[in-house]
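Chain residues, written in single-letter form:
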Amino acid sequence: PIVAESRRTLIFPLSGREYVREVGDILNPLRHDANTIERQKRVSGSRVFAAQWMSNPSADEGNMVPRTWWRFYKEEPKAIAARAQMVAFSWDFAFKDLEDSSWVVGLCAARIGSKKYILSERRDHLDFVKTAQAVVTGKNQWPEVTAIFYEDKANGPAVKSFLSGKVNGLIPVETLGSKEARMSAASPDIEAGDVLLPYPYDEAGAVRP
């Protein structure tokens, strides 16, 4: 770590010389002084700074949403959709289908009381035409869907115009706040066990596709 968080004794393997780093010691103050480090912390953000500068990346169990919070269901998704009070799609479109472009992501979810069930998802690099086709395919696969929410940016307005008269229930959504803020707002539902994912294994113990 560029700044020592605990007292540590380092021993050089060849010479046997010991070097003690005290709490707060900067690794190389001639290269990065305290002001430079504080500025980098602001620019990078706390999580990136912890990973790249402090050699302390986020733990596998997660920060905002620990793995232990997630709950799973074994019932067939179609059976859940049949008795749900609402089934909806949510789409996040992108501009291009390049490998370094943002992903096009579609999520089908159902609500029964306070429980939200993730029924299916699509995540891919898609161009405009394939994006529109994915929306149509998703609606055909899930006729129970009554609303298709999409982020009103990127290809969103163009997809809506292209699919006018072909797919109903397209509803634009303006996102508020950063992705981190939105995840933070959703995390209490996940912690309470009100967001359920499909159980990842079949009866034979194999990973579901």
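Structure report, in brief. (Residues numbered from 1 in each chain as written. Predicted model: local features only at pLDDT ≥ 70, side-chain atom pairs only at ≥ 80, totals over all residues. Heavy atoms only, no water.)

A count of helices and strands for the protein chain gives six helices and nine strands. Computed over the C-alpha atoms, the radius of gyration of the protein chain is 24 Å, more than 25% above the 17 Å expected from 2.2 N^0.38 for a compact globule of 209 residues. Across its three principal axes, the protein chain shows a C-alpha extent of roughly 75 × 40 × 30 Å. Each of the 209 residues in the protein chain was classed as buried or not, and the buried ones make up 27%. Relative to all contacts within the protein chain whose residues are 6 or more apart in sequence, the contacts with residues 24 or more apart total 50%. Accessible surface, the protein chain: about 13,800 Å² in total, of which carbon and sulfur atoms supply 53%. Each charge class in the protein chain was averaged separately, 28 positive and 27 negative side chains, and the resulting centres sit 2 Å apart. (Helix = DSSP H or I, 4+ residues; strand = E, 2+ residues; numbered from the N terminus. Rg over C-alpha atoms; globule rule 2.2 N^0.38 Å. Buried < 20%, exposed > 50% of the residue type's maximum accessible area, 1.4 Å probe, protein only. Contact = heavy atoms within 4.5 Å. Areas by Shrake-Rupley, 256 points an atom, 1.4 Å probe, with all protein chains shown as cover. Lys, Arg positive; Asp, Glu negative; His and termini not counted. Charge placed at Lys NZ, Arg CZ, Asp CG, Glu CD.)

Each aromatic ring pair is summarised here by two numbers: the centre-to-centre distance and the angle between the ring planes. In total, this model carries seven aromatic pairs according to the counting rule given. Ring geometry for Phe 72 versus Tyr 199: centroids 6.5 Å apart, planes at 85°, classification edge-to-face. With Phe 72 in strand 3 (residues 71–73) and Tyr 199 in the segment after strand 9 (195–198), this residue pair connects regions lying 127 residues apart in the sequence. Relative accessible area serves as the criterion here: at 43%, Phe 72 is assigned to the partly exposed category. Taking the centre distance of 5.4 Å and the plane angle of 70° together, the rings of Phe 128 and Phe 162 count as edge-to-face. (Phe/Tyr/Trp six-rings, centres within 6.5 Å; stacked < 30°, edge-to-face > 60°.)

Once that is clear, we can look at the pairing of strand 1 (residues 8–11). Both strand 1 and strand 2 (residues 18–21) contribute to a ladder of four bridges, which runs antiparallel. Note on strand 2: the bridge partner recorded for Ile 11 is Glu 18. Counting the residues in the hairpin turn of strand 1 and strand 2 gives six residues, including Gly 16, whose phi is positive at 80°. (Pairing = 2+ DSSP bridges.)

Our focus in this paragraph is the nonpolar core. Ranked by size, the top nonpolar core spans 27 residues in total, and within it Trp 91, Leu 119, Val 135 and Ile 148 carry the most contacts. Mapped onto this core, the elements with two or more residues apiece are helix 3 (77–83), strand 4 (86–92), strand 5 (104–112), strand 6 (115–124), helix 4 (128–141) and strand 7 (147–151). Here this core takes four residues from strand 5, the largest share from any one element. Beyond its immediate sequence surroundings of up to four residues, Trp 91 is in contact with Val 104, Val 105, Gly 106, Arg 122, Ala 134, Val 135, Ile 148, Phe 149, Tyr 150 and Glu 151. (Core = buried A, V, L, I, M, F, W, Y, C linked by side-chain atoms within 4.5 Å.)

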